[in-house]
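Observations on the three-dimensional arrangement
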Amino acid sequence: MTTLGAVFRPQLPPERLRGMARAADAAGLEELWLWEDCFLESGMATAAAALAWTERLRVGIGLLPVPLRNAALTSMEAATLLRLFPGRIALALGHGVQDWMGQVGARVESPVTLLREHLLATRALLGGERLTVQGRYVKLEGVALDWPPPAAPPVLAGALGPKSLRLSGEAADGTLLDASVSADGVRRARQLIDEGRAAAGRTDSHTVVVYLHAATGPGAADRLRGELAGSPGESVPELGVAGDAGAVAKAVQRLAEAGADTVVLQPTADEPDPEGFVRFVAEEVRPLVP
């Protein structure tokens, strides 16, 4: 069964999160995903608030840019939330938008090396290990969490390029693909992920989460065109969907058939009714998605 979610976009002010999270929880939405985009909103802070305001909603943080973070701090924060809200966190790490990382003095020479070191360290610490590493970027001396989560959670990697996708297969438990990836792109990503998994000798499961541009209601097609205008995906066939629940469900199914385990519907930045959007996903689209 395909898991279905929606995005709370940080273009909305933080005070809008409570209403959207509660609407998602009440409607039975499976997952609400948050972004840690520069310089909008914190992923960990918004996740903690959304979890506290809801009862069963799973919250995804997609993603945390590792140049801004220390692996031990990220693990401490994640472990705290995992103990407070067991089973309700999905965690993704990425190397971040390089221009933004440069703005804050955090840009590194090898983003892929940095991401690999963070993934390996975070997964080990959340798995209850005591870790000593002297990597190129991650350096830890006898570090262990005093309050690790009861069970090691999956840690996903945000990836797009071939090197990052192979790395995700090698060093992460799942992959997060953004809304610029079509169904054909999901198939290619799965192949590259599998190459990384094979090289690392991994045989465990690997979840693929994909964002999908979606718009519904009056002016949906115009809003979607505006969202894609000027982006590299503007000319990509079937990138995004505008229409009723049936049309959206068919687009979700295309991604699922290409290899997505979870599809997260991403509203346009000018979505006029964010609370209504999550109710639409949960109450109208969900029943139509196998």
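Residues numbered from 1 in each chain as written. Predicted model: local features only at pLDDT ≥ 70, side-chain atom pairs only at ≥ 80, totals over all residues. Heavy atoms only, no water.

Quick notes on the packing of aromatic side chains
Aromatic ring pairs are defined here through the distance separating the ring centres and the angle between the ring planes. Which entries qualify depends on this criterion: Pairing of aromatic side chains requires ring centres within 6.5 Å, counting the rings of Phe and Tyr and the six-membered ring of Trp. Pairs whose planes differ by under 30 degrees are stacked, by over 60 edge-to-face, and all others tilted. Each helix corresponds to a stretch of at least 4 residues labelled H or I by DSSP, and each strand to a stretch of at least 2 residues labelled E; elements are numbered beginning at the N terminus. Here the term buried applies to any residue with accessible area under 20% of the maximum for its type, exposed to any over 50%, and partly exposed to those in between, with areas from a 1.4 Å probe on protein chains only.
Inspection of every chain in the model, using the stated rule, returns 3 aromatic pairs. Ring geometry for Trp33 versus Tyr211: centroids 6.3 Å apart, planes at 80 degrees, classification edge-to-face. Here Trp33 is found in strand β2 (residues 31-34), whereas its partner Tyr211 is found in strand β9 (residues 207-215), with 178 residues between them in sequence. A residue is classified by how much of its surface remains accessible, and Tyr211, at 4% relative accessible area, is buried. Note on Trp35 and Tyr211: the rings are 6.0 Å apart at their centroids and 45 degrees apart in plane angle, and the pair reads as tilted. Taken together, the residues span a long stretch of sequence, with Trp35 in the loop between β2 and α2 (43-53) and Tyr211 in strand β9 at a distance of 176 residues. For Trp35, a relative accessible area of 10% puts it in the buried group. Three or more aromatic residues joined by ring pairs form one cluster here, namely Trp33, Trp35 and Tyr211.

Examining the packing of helix α6 (residues 162-171) against helix α7 (residues 183-200)
Our working rule: In this analysis an axis means a line fitted to C-alpha atoms, helices contributing only their contacting stretch, and an angle means the value between N-to-C directions, from 0 to 180 degrees. For this classification, under 35 degrees means roughly parallel, over 145 means roughly antiparallel, 65 to 115 means roughly perpendicular, and everything else is oblique. Definitions for this section: a left-handed crossing has its near helix turned counterclockwise from the far helix by less than a right angle. A right-handed crossing has that turn clockwise. Residue contacts are defined here by distance: any two heavy atoms, one from each residue, within 4.5 Å place the two residues in contact.
Closest axis-to-axis distance for the α6/α7 pair is 6 Å, and the angle between their directions is 50 degrees. Compared by their axis directions, α6 and α7 come out oblique. For the element pair α6 and α7, the recorded crossing hand is right-handed. Contact residues: Pro162, Leu165, Arg166, Gly169 and Glu170 in α6; Ala189, Leu192, Ile193, Glu195, Gly196, Arg197 and Ala200 in α7.

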